[in-house]
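Tertiary structure, described
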Amino acid sequence: MQAGFHTGRRDKTISAEDTLLITPEIQEQLLAKSANVLQPLTGRRGVVDEHPIPKLMEEAEERYRNKLSRQSKSLKKAVSEYKRRYKRPPPKGFDEWWSFARRNDVRLVDEYDGLMEDLEPFWNLGGAELRRRASQAAELPLVDLVRVRDGVAESVSRHHTGVSGRAEGFRLMLGRFQSKLPYLEFPINAIPENRVLVPWEHMQYPNLTVQDSSQGLSTMLGGPFRVDWTGEDNTWDRWRRTCHPDSVARRVFSSLRNVFRMQTVNYFSQDDSPGSDFDFTPNTSASVDFCNKPQAHYQQGHFFTDFRPIHALYPIFSPAKAQGYLDIRIPSHYYYGNTPRYTYGWDSVNLEVKEVDAMELPWEMKEDKLFWRGASTGGGNHPPGFAPHFHRHRFLQMTSDTSDTNRTVTFADPPGSNRFVAASVPVAQLNEEVMDTAFVKAVSAEAYPGGESALKKLHRFANSVHLGRHWAFKYLVDLDGVGYSGRFMAFLASDSVPLKATVYKEFFSDWIEPWLHFIPLSSTYQEVYNIHAYFSGPTKSVLEALGSRQAAVPLDERRSVDGDRRLRRIARAGKEWKRTIGRHADMEAYVYRLCLEWARLTSDDRDSMNYS
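Small disclaimer: the values here were computed from a predicted structure and weren't measured. (Residues numbered from 1 in each chain as written. Predicted model: local features only at pLDDT ≥ 70, side-chain atom pairs only at ≥ 80, totals over all residues. Heavy atoms only, no water.)

1. Looking at the sheet that holds strand S13 (residues 473-479)
Taken together, five strands build an open sheet; the order of strands is S12-S9-S13-S14-S16 and the sheet is parallel. Each end of this open sheet is capped by a strand with a single partner; those strands are strand S12 (435-441) and strand S16 (519-520). Sheet topology places strand S9 (residues 367-375) next to S13; three bridges connect them, and they run parallel. Counterpart to Glu367 in the pairing with S13 is Phe473. Packing against the sheet, helix H15 (residues 427-434) makes contact with S9 and S12, and its axis sits at approximately 85 degrees to S12. (Pairing = 2+ DSSP bridges. Helix = DSSP H or I, 4+ residues; strand = E, 2+ residues; numbered from the N terminus. Contact = heavy atoms within 4.5 Å. Axes fitted to C-alpha atoms, helices over the stretch in contact; angles between N-to-C directions.)

Quick look at the structure:
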């Protein structure tokens, strides 16, 4: 599929398999309700002939089906596929890993490109050097150590501050195969933010830097390491040094273009075009090229973190990784553990996970709104003054907007047809109809320009809610915080649809398909109103903007059967993915394979650690 935003054409056919996604009774009811509104709702001319979303969904399903079908069915095939992909033999113990994967019905046995990509830079270091760096990394602030010794894993802190949940979670993931592992050390990042940023020149020309760490951590880092910026420099300036010297980010500090300009109000004419609000991204922002689009960095809080990155190649294991960083990905402890805040179906009384959460609702009872609750996190204060442009803040500003700023909404007229018309609607009305979003806690409000009063004036605030409250809505927005979002797996496990915006790749990024298992959002979020319009139909304010008498008809009676069916299809596909691919056993298989690769990398004789 071509890069950038998708402008595909819709496949008009509906398969028998698709039709079965709703029960015959429900289908009959919905068809009966919509039978009297199959005529055009408005007299407007069509602005597009076919909607891009169906093709995005169909292409995603085809990619995933092909991925599943090509997985190796035997150890011999798996070894051959490994050699084909990575141009080297698998690591020692690969046969035992294969047996583990087969016993636990792991389906994606070949998809570990992300893991290998994370480890590739460390092949340039010898085994002894890498072991020393792993040990030294645990001396860094906010880094713990998970050690496997004599077949038993333990988590330790060299700072006498207690072991983080991330380290303890990783230790637990080793439990079922730790007896098969040699002595290993894993420096585990104790915070959500990424840690390792090495300049481009240092990676391309290692001789320009100290490569022998035998003199200690301070020698490698050019002096004692201070964990925060304390007014010295900032992460973006360090990050852009990871780009090629010819890239835009290395040649300019910022763009003159105002990336925060909102869509303006046109009081004089009705614009019939779908506009930029009708652009749909095929994937999340994890692949955005900030090196050549430096102006986009203002929109992401991780570039303004208060934590100083490490500028030498040290192995740090983190639950997610943004572009440019060299952290090594591991599954999140939020995904592996069971807690009321992050686990779907968690029964706090019986201390067990149920297949269906006690607060889950049938699809027909869920509200057709986008739901989000979270704290006003998302970045730091280096340099200060940029908090209004952090990703969470921008989303809340947009969905809390009570002004007459217009958004252009494009929808099928009549429902289920290939004729699409556009309406320009005040965002305040749209937000009232389709959004239920709010901050629940003001974090670092003093860093926001104008302080807490300004923060609360521009962003809606509400009380915290139980995780189960989310299941009352069809659309669940999933946003990064200061790092990745820990609720994504719970959202997938539910009977609702996650709408995910992220700059991070996680351990499962090779395994999941946007537009099949979840809906990806661009970093601007501007397409959310049209996503809602496609799946749930035009709202009352949209129809009123075009003077349609159908504005008085209840939503259930004018909703597109096809749109709601497709939305429910994503909900079911995501739930099935979590049940079959996002299990604890799949996380363990990932970590087991990581351990085998790490054992070979840290060996003095790597050839002896090959599988043969």
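Don't stop here, the text continues.
2. Focus on the pattern of salt bridges
Counted under the stated rule, the structure contains 47 salt bridges. Linking Arg238 and Asp233 is a salt bridge whose minimum nitrogen-to-oxygen distance equals 3.3 Å. Note that Lys474 and Asp564 form a salt bridge whose closest N and O atoms lie 2.8 Å from each other. Placement of the pair is Lys474 in strand S13 and Asp564 in helix H21 (residues 561-580), with a sequence separation of 90 residues. On the basis of relative accessibility, which here comes to 6%, the residue Asp564 falls in the buried class. A network of salt bridges, in which partner residues are shared, links Glu81, Arg84, Arg85, Glu111 and Asp113. (Salt bridge = Lys/Arg side-chain N within 4 Å of Asp/Glu carboxyl O. Buried < 20%, exposed > 50% of the residue type's maximum accessible area, 1.4 Å probe, protein only.)

3. Re the environment of Tyr611
Topologically, Tyr611 is positioned in the segment after helix H22 (584-601). Once the C-alpha coordinates of Tyr611 and Asp95 are considered, the two residues, 516 residues apart in sequence, prove to be 7.9 Å apart. When near neighbours in sequence (up to four residues on either side) are disregarded, Tyr611 contacts Leu75, Val79, Pro89, Pro90, Pro91, Lys92, Phe94 and Asp95.

4. Focus: the layout of surface pockets
Considered as a void within the structure, the second largest pocket measures approximately 680 Å³ in volume. Lining the second largest pocket are 27 residues, with Arg341, Tyr342, Ala375, Arg392 and Arg487 sitting closest to its centre. Every element with two or more residues in the lining of the second largest pocket is listed here: S9 and S12. Here the residues of the lining of the second largest pocket are counted per class, giving twelve nonpolar, nine polar and six charged. (1 Å grid on protein atoms, 1.4 Å probe; cavity = no way out; pocket = protein on both sides within 12 Å on 5 of 7 lines; lining within 4 Å. Points joined across faces, edges and corners; volume = space filled by probe spheres on them. Nonpolar A, V, L, I, M, F, W, Y, C, P; charged D, E, K, R; others polar.)

5. A look at the pairing of S13
Note on strand geometry: in a regular strand, side chains alternate between the two faces of the sheet. For S13, the tally of buried residues reaches seven of seven residues, placing the bulk of the element in the interior. Bridge count between S13 and strand S14 (residues 497-501): five bridges; the pairing is parallel. Bridged to Asp478 within S14 is Lys500. Handedness of the β-α-β unit built from S13, helix H17 (residues 488-493) and S14 comes out right-handed. (Right-handed = clockwise from strand over helix to strand, strands pointing away.)

6. Some thoughts on the packing of aromatic side chains
By convention here, two paired aromatic rings are described through the distance between centres and the angle between planes. By the definition in use, this model includes 43 aromatic pairs. Ring centres 5.4 Å apart and planes at 80 degrees place the aromatic pair Phe100 and Tyr592 in the edge-to-face group. Placement of the pair is Phe100 in helix H5 (residues 94-103) and Tyr592 in helix H22, with a sequence separation of 492 residues. For the pair Phe100 and Tyr592, one class covers both residues: buried. (Phe/Tyr/Trp six-rings, centres within 6.5 Å; stacked < 30°, edge-to-face > 60°.)

7. Here's the deal with empty space enclosed by the protein
Applying the stated criterion across every chain yields a total of seven cavities of 30 Å³ or more. Roughly 140 Å³ of volume is contained in the largest cavity. Together, 15 residues line the largest cavity, and Ala412, Gly416, Phe420, Tyr534 and Ser560 are the ones closest to its centre. Residue assignment for the lining of the largest cavity shows that the elements contributing at least two residues are strand S10 (406-412), helix H18 (528-536) and H21. Looking at side-chain class alone, the lining of the largest cavity contains seven nonpolar, five polar and three charged residues. Computed from the structure, the second largest cavity encloses a volume of approximately 60 Å³. If you trace the second largest cavity, you find it lined by Ser285, Gln300, His391, Asp480, Ala501, Thr502, Val503, Ser522, Ser523 and Tyr525. Here the lining of the second largest cavity is built from residues that sort into three nonpolar, six polar and one charged.

8. Observations concerning H18
At 3.6 residues per turn, the α-helix brings residues three or four places apart onto the same side. A large share of H18 lies buried, amounting to nine of its nine residues. Taken together, the buried positions of H18 are occupied by Val528, Tyr529, Asn530, Ile531, His532, Ala533, Tyr534, Phe535 and Ser536. Just past H18, the residue Gly537 takes up positive phi, approximately 90 degrees.

9. Points about the state of the cysteines
Overall, the coordinates contain one disulfide when judged by the stated rule. A sulfur-sulfur distance of 2.0 Å marks the disulfide that ties Cys243 to Cys291. Between Cys243 and Cys291, the S-S torsion sits near -85 degrees, and that sign places the bridge as left-handed. In this pair, Cys243 is assigned in the loop between helix H11 (235-239) and helix H12 (248-251) and Cys291 in the loop between H12 and strand S4 (317-318), connecting sequence segments 48 residues apart. Per residue, the accessibility class of Cys243 equals that of Cys291, and both read buried. (Disulfide = S-S within 2.5 Å.)

10. Some thoughts on the nonpolar core
The biggest cluster of nonpolar side chains holds 148 residues, and the ones touching the most others in it are Trp97, Phe186, Trp515, Phe535 and Trp598. At eleven residues, H22 tops the list of elements feeding residues into this core. Each residue touching Phe535, except ones within four places of it in the same chain, is listed here: Ile53, Met57, Tyr475, Trp515, Ile519, Arg559, Ser560, Gly563, Asp564, Arg566, Leu567 and Ile570. Membership of the second largest hydrophobic core comes to ten residues, among which are Phe371, Ala472, Phe473 and Leu476. (Core = buried A, V, L, I, M, F, W, Y, C linked by side-chain atoms within 4.5 Å.)

11. Observations regarding the side chain of Glu506
In this structure, Glu506 sits in the loop between strand S15 (504-505) and S16. Among buried Asp, Glu, Lys and Arg side chains, Glu506 stands out as unpaired, with Lys500 the closest opposite charge at 4.3 Å. Other than its neighbours up to four places away in sequence, Glu506 contacts Pro319, Ala320, Arg329, Tyr335, Tyr484, Ser485 and Lys500. (Lys, Arg positive; Asp, Glu negative; His and termini not counted.)

12. So, the pairing of strand S1 (residues 143-149)
With six of its seven residues buried, S1 lies for the most part within the structure. Connecting S1 to the antiparallel partner strand S2 (residues 152-156) that follows it, the hairpin turn spans two residues, and Asp150 within it adopts a positive phi of roughly 55 degrees.

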